[in-house]
Amino acid sequence: MSSPESGSYDATEAAPHGKPRAIEWPLWEVFIRGQHGLSHRHVGSLHAADAQSAIKNARDVYTRRNEGVSIWVVEASAIAASRPEEKGPLYDPSNDKVYRHPTFFDIPDDVGAM
Amino acid sequence: MSDPLFEFLCRMGDNTLVLGHRVSEWCGVAPVLEEDIALANTALDLIGQTTLWLNLAGEVEGKGRNADALAFRRDIWDFRNVLLVEQPNGDFGQTMMRQFLFDAWHKAYLTALQSSSNAQIAAIAEKSLKEVTYHLERTTDTVIGLGDGTDESHDRMQNALDRLYPYVGEMFTSDTVDAALSAEGIAPDPASLRPQYDTLLRDVFSQATLTIPASDFAHKGGKSGQRHSEHLGHMLAQMQWLQRAYPDAIW
Amino acid sequence: MYAQMIKSTGKGVKSLDEMDPEERAFQERINAGGKIEPKDWMPEGYRKTLIRQIGQHAHSEIVGQLPEGNWITRAPTLERKAILLAKVQDEAGHGLYLYCAAETLGVSRDQLTRDLLTGKMKYSSIFNYPTLTWADMGAVGWLVDGAAIMNQVPLQRTSYGPYARAMVRICKEESFHQRQGFDIMMKMANGTQAQREMAQDALNRFWYPSLMMFGPSDAESVHSAQSMAWKIKMNTNDELRQKFVDQTVPQAEYLGLKIPDEHLKWNEDRGSYDFSEPDWDEFFDVLQGNGPCSRDRMEARNKAWDDGRWVREGLLAHAQKKRSRNMAAE
């Protein structure tokens, strides 16, 4: 506590996210399915020594307010993710395929609900 | 002796009150954040159960006392919790061991209470059992994990078991209150639950590579209220202080 | 605030034209309201400043458990005990969410913890003040959480995705905190003479430290300008402090309590209250480790961490044994 301002944070260089250091508990990503039948949704992460305790920790950390009825956990280092620089080729091609959306088609009101 | 039903409800409520208080003492200083949050959940469950049991006790007693009056305005000789739950937290291993030894009894006892002839008791038992089933799952994992962890964690868990095992027996003693309740089908005879408890302990401690002490010696005096440990008095001094210092205040 | 005096790295805000193409694309994305995600390119200064800010915010939540945890075993009713415990539990949860957000920037929770425990990283000055009576539980919820919310609500729109998402979750849980505090204050203010005195005393002690939470005026600060350009700081300290005062004064009046400021006065022209500055010398003393409870707080955190070591190691060793046993069985 010698300096009135935070010192610069130089202790760390960017390291791969989620890779556990030797004596640390691994990081787990938590997915929870709520009451209403929607898919499991990523809600956050936590640390745990193994999968079983990760589920229990997730129950205690992420369902305190009745948020869920089912929990998935996966070790963060096991997740394969798309790369941001691939954003163009991965997602842009679907931009011009507007006919996939139901609103593309004009159905006369007389036909009724469709 | 006062009404056995009132005695019984105080025993249930005081167990959860005193243990919930002990667990809440961990707030903010647990070994890891996830454990802090989990311990708080356990304490919250126990405080919630306390409210149910002690409100019902007050109702049965019929002197206008509610859960708060019973929790904050009785002195040590009126408390009916078993000695196990008032033992100090010690290290994290001791806290977990105390919790496991209690959870295992608590779950067996609540399971039996679900078929109580008293509908209110059966309802509280049913609600509590869900919570306690989870408590036991969690403490079972932790006791096994720490027992079968490093040399240090193993030794600490063995010490905790040696230190606390003499407080197990009291949970299974049967006295005149138990006899009266079990005759009316309100609550089980505690002694009848011991065999299944011992089976569970043998299984868990063998996975935890821990040795159950050979001596069956059991400290008694908590659930009868005849002789609590010195620890309880200090807890009450802290817990009840505001209510005692400002008796007219509403909080 | 929970993250006070965060110095950003860099020598002033660059204009778009001064940036190389990568940084320019990054800044333009932020300007357009887009989010930066963990794997995206980011300037090293952005990454380091964020680690510092999120880390300090997380540390504040963790240390912030202590002043309120101080009263859990003395809470006056079962319900108050449960509410307070649930509240402090939320602080632990908030710390956890924030550490996770920081971890996406390539630093581990244990590293950040070590930096807190060695004093290399800070936490909010407010948690170095003692909680002396039950009314302090009201004052902390009402004023300290109230001040925190001022800062946290805009941070839900911050440019770094994981931070913004953590703040959304935190804000959702936080409004309960301020309300439970005000609820305690109402009971105290409408209670016995002794309770009213306790409530006024708590307000007297927590008013200026709460104003200090926003940090000294930073209108001229280069660091703040950079952080605001990066949208990791959304308002100036003075803006937030004024907003807090304007919101809190009528609440104090409702409670029948007096804000301890002789110069507090409604300013018709500004549509805001004029008020006295806190004692900034005291603020810097506290930041330097001379707060009334600075030593106690750090000792408590260090003890918890040291005492917990065997538990963390034990459970990890067991998990590893289990894994190798399972592998051997396959």
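In this text, all values refer to a predicted model and were calculated from it rather than measured experimentally.

1. Description of the overall build of chain B
For step 1, the next point in the chain: Scanning chain B for helices and strands turns up 11 helices and 0 strands.
For step 2, the next point in the chain: The secondary structure elements of chain B, listed N-terminal to C-terminal, are α-α-α-α-α-α-α-α-α-α-α.
For step 3, the next point in the chain: Radius of gyration (C-alpha) of chain B: 18 Å, near the 18 Å computed for a compact globule of 251 residues.
For step 4, the next point in the chain: Along the three orthogonal principal directions, the C-alpha set of chain B runs to about 55 × 40 × 30 Å.
For step 5, the next point in the chain: Considering chain B as a whole, with its 251 residues, one finds that 60% of them fall into the buried category.
For step 6, the next point in the chain: Across chain B, contacts joining residues at least 24 apart in sequence account for 80% of those joining residues at least 6 apart.
For step 7, the next point in the chain: A total of about 9,300 Å² of accessible surface is found on chain B, and carbon and sulfur atoms cover 52% of it.
For step 8, the next point in the chain: Across chain B, the 20 positively charged side chains and the 35 negatively charged ones have centroids separated by 5 Å.

2. Quick notes on the overall build of chain A
For step 1, the next point in the chain: Scanning chain A for helices and strands turns up 2 helices and 3 strands.
For step 2, the next point in the chain: Beginning at the N terminus, the succession of helices and strands in chain A can be written as β-β-α-β-α.
For step 3, the next point in the chain: Put simply, chain A has 114 residues, and 29% of those count as buried.
For step 4, the next point in the chain: In chain A, 42% of the contacts between residues at least 6 apart in sequence involve partners at least 24 apart.
For step 5, the next point in the chain: Total accessible area on chain A stands at roughly 7,400 Å², and carbon and sulfur atoms take up 55% of it.

3. Remarks on the pattern of salt bridges
For step 1, the next point in the chain: For the structure on display, the rule yields 43 salt bridges over all chains.
For step 2, the next point in the chain: Residues C:Arg169 and A:Glu67 are paired through a salt bridge, measuring 3.7 Å at the closest nitrogen-oxygen approach. Taken as a pair, C:Arg169 in helix H7 (residues 161-189) and A:Glu67 in the loop between helix H1 (51-62) and strand E3 (70-75) lie in two separate chains rather than in one.
For step 3, the next point in the chain: Among the residues examined, A:Glu67 registers a relative accessible area of 28% and is labelled partly exposed.
For step 4, the next point in the chain: Between C:Lys87 and C:Glu91 there is a salt bridge, and its shortest N-O distance comes to 3.2 Å. Here C:Lys87 pairs with C:Glu91, and both are found in helix H4 (residues 78-103), just 4 residues apart, close to one helical turn.

4. Concerning the confidence of the model for chain A
For step 1, the next point in the chain: Here chain A shows a mean pLDDT of 78. Residues at 70 or above account for 80%.
For step 2, the next point in the chain: Considering only residues more than four positions removed or in separate chains, one finds that residues 1-15 of chain A, a stretch of pLDDT under 50, has 50 contacts.

5. Observations regarding the packing of H1(A) against helix H6 (residues 119-147) of chain B
For step 1, the next point in the chain: Between H1(A) and H6(B), the least distance of the axes is 11 Å, while the angle of their chain directions is 140 degrees. Comparing their axes, H6(B) and H1(A) come out oblique. H1(A) and H6(B) meet at a crossing whose hand is left-handed. Here A:Gln52, A:Lys56, A:Asn57, A:Arg59 and A:Asp60 of H1(A) lie close against H6(B), whose contacting residues are B:Tyr134, B:Glu137, B:Arg138 and B:Asp141.
For step 2, the next point in the chain: Residues belonging to the contact of H1(A) with H6(B) are distributed by class as follows: 1 nonpolar, 2 polar and 6 charged.

6. Quick notes on the side chain of B:Arg80
All names here are of chain B.
For step 1, the next point in the chain: Position of Arg80 among the secondary structure elements: in the loop between helix H3 (67-73) and helix H4 (83-86).
For step 2, the next point in the chain: Owing to a relative accessible area of 12%, Arg80 belongs among the buried residues under this scheme.
For step 3, the next point in the chain: Engagement of the side chain of Arg80 in a polar contact is seen with the side chain of Glu7, the distance being 2.9 Å.

7. Notes on the nonpolar core
Note that soluble globular proteins tend to have their nonpolar side chains buried in a common cluster.
For step 1, the next point in the chain: Judged by nonpolar contacts, the single largest core of 145 residues is most densely connected at B:Phe8, B:Met97, B:Leu101, B:Leu113 and C:Trp134.
For step 2, the next point in the chain: For C:Trp134, the contacting residues outside a window of four places in its chain are B:Leu242, B:Trp251, C:Trp71, C:Ala75, C:Pro76, C:Arg80, C:Leu84, C:Ile184 and C:Met188.
For step 3, the next point in the chain: If you look at the next biggest cluster of nonpolar residues, it comprises 46 residues, including A:Trp28, A:Ala54, A:Ala76 and B:Ile37.

8. A word on the packing of aromatic side chains
For step 1, the next point in the chain: Under the defined criterion, the tally for this structure stands at 22 aromatic pairs over all chains.
For step 2, the next point in the chain: A ring pair is formed by B:Trp105 and B:Tyr109, whose centres lie 4.7 Å apart and whose planes are at 20 degrees; its orientation type is stacked. In this pair, B:Trp105 and B:Tyr109 both sit in helix H5 (residues 92-113), 4 residues apart, roughly one turn of the helix. In this structure, B:Trp105 and B:Tyr109 share a single accessibility class: buried.
For step 3, the next point in the chain: Taking the centre distance of 5.6 Å and the plane angle of 85 degrees together, the rings of C:Tyr46 and C:Trp230 count as edge-to-face. In this pair, C:Tyr46 sits in helix H2 (residues 44-63) while C:Trp230 sits in the loop between helix H9 (222-229) and helix H10 (237-255), placing the two residues 184 residues apart along the sequence. The exposure classification of C:Tyr46 matches that of C:Trp230, with both residues buried.
For step 4, the next point in the chain: In textbook terms, an aromatic cluster arises when at least three aromatic residues are bridged by ring pairs, as seen for B:Trp241, B:Tyr246, B:Trp251, C:Trp71 and C:Trp134.
For step 5, the next point in the chain: For B:Arg74, the ring lying beneath its charged end belongs to B:Phe79, and the centroid distance is 4.4 Å.

9. Side note on the interface of chain C and chain B
For step 1, the next point in the chain: The interface is formed by 45 residues belonging to chain C together with 49 residues belonging to chain B.
For step 2, the next point in the chain: Where chain C meets chain B, there are 3 salt bridges.
For step 3, the next point in the chain: Where chain C packs against chain B, one counts 15 residue pairs in polar contact (both at pLDDT 80 or more).
For step 4, the next point in the chain: Every element with two or more residues in the side of chain C that touches chain B is listed here: helix H3 (65-69), H4, H7, helix H8 (193-212) and helix H12 (294-329) of chain C.
For step 5, the next point in the chain: Of the residues forming the side of chain C that touches chain B, the biggest block, 14 residues, is contributed by H12(C).
For step 6, the next point in the chain: Of the residues belonging to the side of chain C that touches chain B, the class tally is 24 nonpolar, 11 polar and 10 charged.

10. Some words on the side chain of C:Gln65
For step 1, the next point in the chain: Of note, C:Gln65 is situated in helix H3.
For step 2, the next point in the chain: Setting aside residues up to four positions removed in sequence, C:Gln65 forms contacts with B:Gly28, B:Asp36, C:Val88, C:Glu91, C:Ala92 and C:Arg301.

11. Overview of the environment of C:Arg312
All names here are of chain C.
For step 1, the next point in the chain: Looking at where Arg312 falls in the secondary structure, it is placed in helix H12.
For step 2, the next point in the chain: Under the relative-accessibility criterion, Arg312 is labelled buried at 10%.
For step 3, the next point in the chain: Linking Arg312 and Leu117, residues 195 residues apart in sequence, is a C-alpha distance of 17 Å.
For step 4, the next point in the chain: In terms of polar contacts, Arg312 uses its side chain to reach the backbone carbonyl oxygen of Trp305, at 3.1 Å.

12. Thoughts on helix H6 (residues 135-155) of chain C
For the α-helix, the turn length of 3.6 residues means that residues three or four positions removed from each other point alike.
Residues and elements named next belong to chain C.
For step 1, the next point in the chain: Counted at 1.5 Å a residue, the expected span for H6 with its 21 residues is 30 Å, and the 29 Å between its end C-alpha atoms agrees.
For step 2, the next point in the chain: At Ile149, H6 shows its maximal bend, which comes to roughly 25 degrees.
For step 3, the next point in the chain: For H6, the tally of buried residues reaches 20 of 21 residues, placing the bulk of the element in the interior.

13. What to know about the confidence of the model for chain B
For step 1, the next point in the chain: On average, residues of chain B score 97 in pLDDT, and 100% of them are at 70 or above.
For step 2, the next point in the chain: The ipTM assigned to the predicted complex is 0.96, against a pTM of 0.92.

What counts and what doesn't
Residues numbered from 1 in each chain as written. Chains lettered and ligands numbered in written order. Predicted model: local features only at pLDDT ≥ 70, side-chain atom pairs only at ≥ 80, totals over all residues. Heavy atoms only, no water. Helix = DSSP H or I, 4+ residues; strand = E, 2+ residues; numbered from the N terminus. Rg over C-alpha atoms; globule rule 2.2 N^0.38 Å. Buried < 20%, exposed > 50% of the residue type's maximum accessible area, 1.4 Å probe, protein only. Contact = heavy atoms within 4.5 Å. Areas by Shrake-Rupley, 256 points an atom, 1.4 Å probe, with all protein chains shown as cover. Lys, Arg positive; Asp, Glu negative; His and termini not counted. Charge placed at Lys NZ, Arg CZ, Asp CG, Glu CD. Salt bridge = Lys/Arg side-chain N within 4 Å of Asp/Glu carboxyl O. pLDDT = per-residue confidence, 0-100. Axes fitted to C-alpha atoms, helices over the stretch in contact; angles between N-to-C directions. Parallel < 35°, antiparallel > 145°, perpendicular 65-115°, else oblique. Left-handed = near helix turned anticlockwise from the far one by under 90°. Nonpolar A, V, L, I, M, F, W, Y, C, P; charged D, E, K, R; others polar. Polar contact = N/O pair within 3.5 Å; in protein donor to acceptor, adjacent residues only side chain to side chain. Core = buried A, V, L, I, M, F, W, Y, C linked by side-chain atoms within 4.5 Å. Phe/Tyr/Trp six-rings, centres within 6.5 Å; stacked < 30°, edge-to-face > 60°. Lys NZ or Arg CZ within 6 Å of the ring centre and 35° of its normal. Expected span 1.5 Å × (residues − 1). Bend = angle between axes of the 7 residues up to and from the residue.

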